[in-house]
Amino acid sequence: MSANGLSANSTYTNPILPGWHSDPSCIFVPEEDNTFFCAVSSFLTFPGIPIYASRDLIHWKLASNVVSRPTQVPEIASSTSQTQQDGLWASTLRYRKGKFYLLSSYVSMYPGFKFKGLLFTSTKIFSDEAWSDPIWFNVGDIDPDLFWGDLPEGPHIYRKDGYYYLSIAERGTELGHRQSIARARNITGPYEGYRGNPILTNANTTEYFQTVGHADLFQDASGNWWGSALATRSGPAWKVYPMGRETVLFPVAWKEGEWPVLEPVRGEMSGWALPHPHNKEIPGDGAYVDAADSIDFPPRSTIPRHFVFWRLPKVGSFTVSPPERPFSLRLLPSRHNLTGSTGVAGETVEETGITLITRRQSHTYFTYSVDVSFAPTEEGEEVGVTVFLTQYQHIDLGVVFLPSPSGKLTPHIRFRTTLLDDLNQSKPQNVTDPETITTVLPCFSKEIKAKLQIKAANDTHYVFSASLPGFPDFSFSPLAEAALVSGGTGRFTGALLGAYATSNGGSGSSPAYISQWRYESQGQRIE
């Protein structure tokens, strides 16, 4: 790092929080055994606002979810003006005198752009339950900040060497995204802009990491400065980036009385010596952000804390290891399918929810699979797996009960995509929406058993496949472009992988059972 005077004595790779982890706000807390914490945005997913912890800046584990009770932010389910970009936007995480403070905003984009601030507090950051109900307040704009001094809100403010430094993300969260800075002797100004702005951007470059911005700066135990920001692994074409906005780390050189110098974001980075704590272990039962899943839903277990729902889950829709089928997760079908359609006038998805349970795609190359068991009785009943970006952009592989050519209800395997415009956002352009493929399954019993799989064999396409026990010659493996779940109505989010059950607006209520939930990494692309 000769340009910035940094010693090339550590090497690491970005992103540090792979998969959809947007709008990071990070801090270092010596009182918590020299631990770093990062909060990210969650929009319409629940639990909301995950916080990750690390002692070495490399290995990050889920510490807690700030929003884990529906009563904290019922608007996630009950708002009637929601688009797919509504919900809990960017947050600021800070610590003071034994207490953590999380400041966020709830945004509704239709019919008019509206927002309101929320303040959560906790003295036990490794506990979901310890986070308070929010204090709601009026806020002047989105993405509020918290600063102790003469001003409680604003873009990120840092006090250093007799100056107040004001750091601001600019030009949206797209290819022109950048970070700029100004400073003043008094917190109320006047502020002097840095002539070298922007201090961080990958705009107008050929770098694989693009849309870099929304930065937050913090120090480690040695006094070295670091920064976190969001970025997309898309290259300047900005067409294929299913994991959306991810969290990256970069070193910062900040000499006394001078402006900070932020190292440009790359896939492989060198900089300050990384922390080497005696104990790298992080408390709690959260998952490490890049860990595999091997989940069998044993009796007396609970749904893993890194799993997420879209909007609030309907009570009773998900049961771990039910008595009639231990070592499985029982799904009760929602009337709405993943898009939120039932065909019933006046019935809204906010009132009924969708039966969908997911995890983030956190690797460029991966294999995700579940075993399903299903005994449908009514037309339209379906269980399946999905790559889900929003309710208007998802790719599904499902076992569905449909009439055969003779009219008899028969189990089918169906592959289909949903690619729609939102109320205020267009779907992705220049991408092929594949035709729906439906095939009769060669099953001879009332209960259908199948393994459904999604695989990213390269960084541009997913391969969906289904296999049936006892039918080795059965083959079904359609292909879908990852661009289908990049940007568009989900430009703020990223791909989720999971399982769903629906009656597709019908009267069916047959439970579906999923088991042997597996997610395995086959690597990352970083350049």
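Residues numbered from 1 in each chain as written. Predicted model: local features only at pLDDT ≥ 70, side-chain atom pairs only at ≥ 80, totals over all residues. Heavy atoms only, no water.

### Some remarks on the overall build of the protein
Item 1. Summing up its helical and strand segments, the protein has two helices and 35 strands in all.
Item 2. Considered along the principal axes of its C-alpha atoms, the protein spans approximately 80 × 45 × 45 Å.
Item 3. Looking at the protein residue by residue over its 527 residues, the buried ones come to 59%.
Item 4. Once local pairs closer than 6 in sequence are excluded, the contacts in the protein between residues at least 24 apart make up 63%.
Item 5. Roughly 20,800 Å² of accessible area belongs to the protein as shown, and the carbon and sulfur atoms make up 50% of that amount.
Item 6. In the protein, 43 side chains carry a positive charge and 52 a negative one; their mean positions are 2 Å apart. (Helix = DSSP H or I, 4+ residues; strand = E, 2+ residues; numbered from the N terminus. Buried < 20%, exposed > 50% of the residue type's maximum accessible area, 1.4 Å probe, protein only. Contact = heavy atoms within 4.5 Å. Areas by Shrake-Rupley, 256 points an atom, 1.4 Å probe, with all protein chains shown as cover. Lys, Arg positive; Asp, Glu negative; His and termini not counted. Charge placed at Lys NZ, Arg CZ, Asp CG, Glu CD.)

### Observations concerning the state of the cysteines
Item 1. Taken as a whole, this structure holds one disulfide when the rule is applied.
Item 2. Here Cys-26 engages in a disulfide with Cys-38; their sulfurs sit 2.0 Å apart. Disulfide Cys-26-Cys-38: the torsion about the S-S bond is 110°, which places it as right-handed. A residue pair is termed long-range when its members are at least 10 positions apart, and Cys-26 in strand E2 (residues 25–29) and Cys-38 in strand E3 (residues 35–39) qualify at twelve residues. Like Cys-26, the residue Cys-38 is buried in the burial classification. (Disulfide = S-S within 2.5 Å.)

### A few points about the side chain of Ser-373
Item 1. Tracing the backbone shows Ser-373 in strand E26 (residues 365–374).
Item 2. Among the polar contacts listed, one links the side chain of Ser-373 to the side chain of Arg-325, at a separation of 2.9 Å.
Item 3. Within the structure, Ser-373 has its side chain in polar contact with the side chain of Glu-447 (distance 2.4 Å).
Item 4. In contact with Ser-373, not counting residues within four places along its chain, are Arg-325, Glu-447, Ile-448, Lys-449, Ala-512 and Tyr-513. (Polar contact = N/O pair within 3.5 Å; in protein donor to acceptor, adjacent residues only side chain to side chain.)

### Description of the pairing of strand E12 (residues 156–160)
Regular strands place their side chains on alternate faces of the sheet.
Item 1. Burial analysis of E12 places four of its five residues in the buried class, the great majority of the element.
Item 2. By the bridge criterion, five bridges tie E12 to strand E13 (residues 163–170) in an arrangement that is antiparallel. From the neighbouring strand, Tyr-158 faces E13, where its bridge partner is Tyr-165. (Pairing = 2+ DSSP bridges.)

### A short note on the sheet that holds E13
Item 1. Reading across the sheet, the four strands line up as E12-E13-E14-E15 and stay open at both edges, with antiparallel pairing between neighbours. Two strands lie at the open edges of the sheet, namely E12 and strand E15 (192–193), each paired on one side alone.
Item 2. Two strands pair when backbone bridges link them, and strand E14 (residues 178–184) and E15 are joined in this way by two bridges, in the antiparallel orientation. What sits directly across from Arg-183, in E15, is Glu-192.

### Concerning the sheet that holds strand E17 (residues 225–233)
Item 1. Reading across the sheet, the four strands line up as E16-E17-E18-E19 and stay open at both edges, with antiparallel pairing between neighbours. Each of the sheet's edge strands pairs with one partner strand only, and the pair in question is strand E16 (209–219) and strand E19 (261–262).
Item 2. Inspection of the sheet shows E17 paired to strand E18 (residues 246–253) by seven bridges, in the antiparallel sense. Within E18, the position partnered with Ala-229 by the bridge is Val-248.

### Regarding the nonpolar core
Item 1. In this structure, Tyr-368, Tyr-462 and Trp-517 are the most contacted members of the largest nonpolar core, which totals 91 residues.
Item 2. Counting residues in hydrophobic clusters, the runner-up holds 40 residues, among them Tyr-12, Trp-60, Tyr-163 and Phe-218. (Core = buried A, V, L, I, M, F, W, Y, C linked by side-chain atoms within 4.5 Å.)

### Here we look at the confidence of the model for the protein
Item 1. Per-residue confidence for the protein gives a mean pLDDT of 91; residues scoring 70 or more make up 92%.
Item 2. Overall, residues 150–154 carries pLDDT values under 50, and its contacts beyond four positions in sequence, including any with other chains, amount to 13 contacts. (pLDDT = per-residue confidence, 0-100.)

### Notes on the side chain of His-177
Item 1. On the secondary structure map, His-177 appears in the loop between E13 and E14.
Item 2. Residue His-177 is classed as buried on the basis of its relative accessible area, which comes to 4%.
Item 3. Within the structure, His-177 has its side chain in polar contact with the backbone oxygen of Gly-172 (distance 3.3 Å).
Item 4. With near-sequence residues (within four places) excluded, His-177 lies in contact with Ala-169, Glu-170, Arg-171, Gly-172, Thr-201, Thr-211, Val-212, Gly-213, His-214 and Leu-230.

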